[in-house]
Amino acid sequence: MLKKLLKWLAVVFVALVAVAAALLFIPKDNGKTYRVKIVKNQGISSVGRKLAQDGIVYNRHVLTAAAYVLGVHNRLHTGNYRLPAKVSAWDVLQKIRSGRPDSVNVRIVEGMRFADMRRIINATNDIGHETQNWSDAQIMQAVASEPLSQNPEGQFFPDTYEIDADSSDVQIYKTAYQAMQRQLKAAWDERRSGLPYQNPYELLIMASLVEKETAHADDRSDVAAVFINRLASGMRLQTDPTVIYGMGAAYKGRIRKADLRRDTPYNTYTRDGLPPTPIALPGKAALEAAAHPSNEKYLYFVSKMDGTGLSQFSHNLDEHNAAVRKYILKK
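Residues numbered from 1 in each chain as written. Predicted model: local features only at pLDDT ≥ 70, side-chain atom pairs only at ≥ 80, totals over all residues. Heavy atoms only, no water.

Trainee: Got a sec to walk through the overall build of the protein chain? Specific residues and values, please.
Mentor: Broken down by element type, the protein chain carries 13 helices and eight strands. Whereas a compact globule of 331 residues would reach a radius of gyration of roughly 20 Å, the protein chain reaches 27 Å, over 25% beyond that. Expressed along its principal axes, the backbone C-alpha trace of the protein chain runs to roughly 95 × 55 × 40 Å. Of all 331 residues assigned to the protein chain, the portion counted as buried reaches 41%. A separation of at least 24 residues holds for 65% of the contacts in the protein chain among residues at least 6 apart in sequence. Put simply, the protein chain shows about 17800 Å² of open surface, and 51% of that area lies on carbon and sulfur atoms. (Helix = DSSP H or I, 4+ residues; strand = E, 2+ residues; numbered from the N terminus. Rg over C-alpha atoms; globule rule 2.2 N^0.38 Å. Buried < 20%, exposed > 50% of the residue type's maximum accessible area, 1.4 Å probe, protein only. Contact = heavy atoms within 4.5 Å. Areas by Shrake-Rupley, 256 points an atom, 1.4 Å probe, with all protein chains shown as cover.)

Take a look at the structure:
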């Protein structure tokens, strides 16, 4: 009886192995090529789940088990891997274990400085770092013959860019620069009449201020209105992000009264009008807010400090002081 049971178990085991081998090695014809995207810290389980959901492999559990056997389950390299129309789970594993993606994604986030963008690009694997030792001026020369300014700040659109593996990083800068020129032109062409901008570059500067002052969609157009109203009334903009930008490496996480008094080209407490350049890379929403500020006559705003990211806007100093007592001083 025991022999029969062992024989039966052996047959079942061989059958299971045969099925698993078939699911692992037999190619599946999907009719077209497919790209599998692997992001930072992603494991083989989620990759297998996505491939199975999209019908690329027969069974995600077989794929995952094989990855563990090969020891590649936790050593996946980020990037986009192009799979042929006819592919087996084994082929998929060999592709992603190679660590050589067909293309690489580079994510530039709204509100970053150009210096942050450079650090991200320089730290991106699997692309050529032609610009790593270039100056900012050399990068500008490579991307534009007649830029709005030789200062690169604000002139590159924050987005996720896909670049072919081993391509030069110059491609990312060119694509991001061209994208910002398109977005800025659209905002300029569709801007509300009567705004105090002399040219598109001033709109870009304003958009960078809006980007740094709030990330909340409900507040952007009102923040833009505050700055527009201050310009119209002859008030200084008095916005902390410009002071921080002007401090450069001296900024250590907080602004002191002395910093607000120390004059720099970016200190909007000591100087009239807009700062000389953008202070960050603004996104589309900030550009649209700068081009279409609300019609409110607000002159002040303060954070509600309630975790929502929203601000309280005021028309005059008395209202503003009351808001400060309520939200900041908690009185």
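Trainee: How would you sum up the packing of helix 8 (residues 200-213) against helix 9 (residues 220-233)? Please name residues and give values.
Mentor: Angle between the axes and distance between the axes: these two values describe a pair of packed helices. Where helix 8 meets helix 9, the axes come as close as 9 Å, and the angle between the chain directions of the two elements is 130 degrees. Regarding the angle of helix 8 to helix 9, the classification is oblique. The handedness of the crossing between helix 8 and helix 9 comes out as right-handed. Residues Met 206, Leu 209, Val 210 and Glu 213 of helix 8 form the contact with helix 9, whose own contacting residues are Arg 220, Val 223, Ala 224, Phe 227, Ile 228 and Leu 231. (Axes fitted to C-alpha atoms, helices over the stretch in contact; angles between N-to-C directions. Parallel < 35°, antiparallel > 145°, perpendicular 65-115°, else oblique. Left-handed = near helix turned anticlockwise from the far one by under 90°.)

Trainee: Please provide a residue-by-residue account of helix 7 (residues 170-189), values included.
Mentor: Compared with the 28 Å implied by 1.5 Å per residue over 20 residues, the 28 Å span of helix 7 between its first and last C-alpha is a close match. Listed in full, the buried residues belonging to helix 7 are Val 170, Ile 172, Tyr 173, Ala 176, Tyr 177, Ala 179, Met 180, Leu 184, Ala 187 and Trp 188. The inward-facing, buried residues of helix 7 contact strand 5 (103-107), helix 5 (114-122), helix 6 (136-143), strand 6 (160-164), helix 8 and helix 12 (284-291). (Expected span 1.5 Å × (residues − 1).)

Trainee: Break down the pattern of salt bridges for me, with residues and values.
Mentor: Taken as a whole, this structure holds ten salt bridges when the rule is applied. Between Asp 259 and Arg 262 there is a salt bridge, and its shortest N-O distance comes to 2.8 Å. Each of the salt bridges in this network shares a partner with another, and the network as a whole consists of Arg 256, Asp 259 and Arg 262. (Salt bridge = Lys/Arg side-chain N within 4 Å of Asp/Glu carboxyl O.)

Trainee: Explain the nonpolar core residue by residue, including any values.
Mentor: If you look at the biggest cluster of nonpolar residues, it comprises 53 residues, and the most contacted ones within it are Met 117, Phe 156, Leu 203 and Leu 287. The greatest single-element share of this core, amounting to nine residues, is contributed by helix 7. For Leu 203, the contacting residues outside a window of four places in its chain are Leu 184, Ala 187, Trp 188, Arg 191, Tyr 197, Leu 287, Ala 290 and Ala 291. Of all hydrophobic cores here, the second largest spans 20 residues; its members include Ile 38, Leu 63, Leu 83 and Ile 96. (Core = buried A, V, L, I, M, F, W, Y, C linked by side-chain atoms within 4.5 Å.)

Trainee: For the packing of aromatic side chains, give the residues involved together with the corresponding values.
Mentor: On inspection of all chains with the given rule, the structure shows eight aromatic pairs. Pairing Phe 227 with Phe 301 gives two aromatic rings, centres 6.1 Å apart and planes at 75 degrees, and the pair type is edge-to-face. A residue pair is termed long-range when its members are at least 10 positions apart, and Phe 227 in helix 9 and Phe 301 in strand 7 (residues 300-303) qualify at 74 residues. The two residues Phe 227 and Phe 301 agree in class, both being buried. A network of ring pairs unites the aromatic residues Phe 114, Phe 156, Tyr 173 and Tyr 177 as a single cluster. Taking the ring centre of Trp 188 as reference, the NZ or CZ of Arg 191 above it sits at 3.6 Å. (Phe/Tyr/Trp six-rings, centres within 6.5 Å; stacked < 30°, edge-to-face > 60°. Lys NZ or Arg CZ within 6 Å of the ring centre and 35° of its normal.)

Trainee: Residue-level account of unusual backbone geometry, with values.
Mentor: Positioned with a positive phi, Asp 126 is a non-glycine residue whose angle comes to about 70 degrees. Among the secondary structure elements, Asp 126 is positioned in the loop between helix 5 and helix 6. Residue Asp 126 is classed as buried on the basis of its relative accessible area, which comes to 18%. Here Met 305, not a glycine, exhibits a phi torsion of approximately 55 degrees, which is positive. Considering the arrangement of structural elements, one finds Met 305 in the loop between strand 7 and strand 8 (311-314).

Trainee: If you had to explain the side chain of Thr 131 to someone new, which residues and values would you point to?
Mentor: By the secondary structure assignment, Thr 131 is in the loop between helix 5 and helix 6. By relative accessible area, Thr 131 is classed as buried at 1%. Within the structure, the side chain of Thr 131 is placed 2.8 Å from the side chain of Asp 169, a separation counted as a polar contact. Those residues within four positions of Thr 131 in sequence are excluded, and the remaining contacts are Arg 118, Asn 122, Ile 139, Asp 169, Val 170 and Tyr 173. (Polar contact = N/O pair within 3.5 Å; in protein donor to acceptor, adjacent residues only side chain to side chain.)

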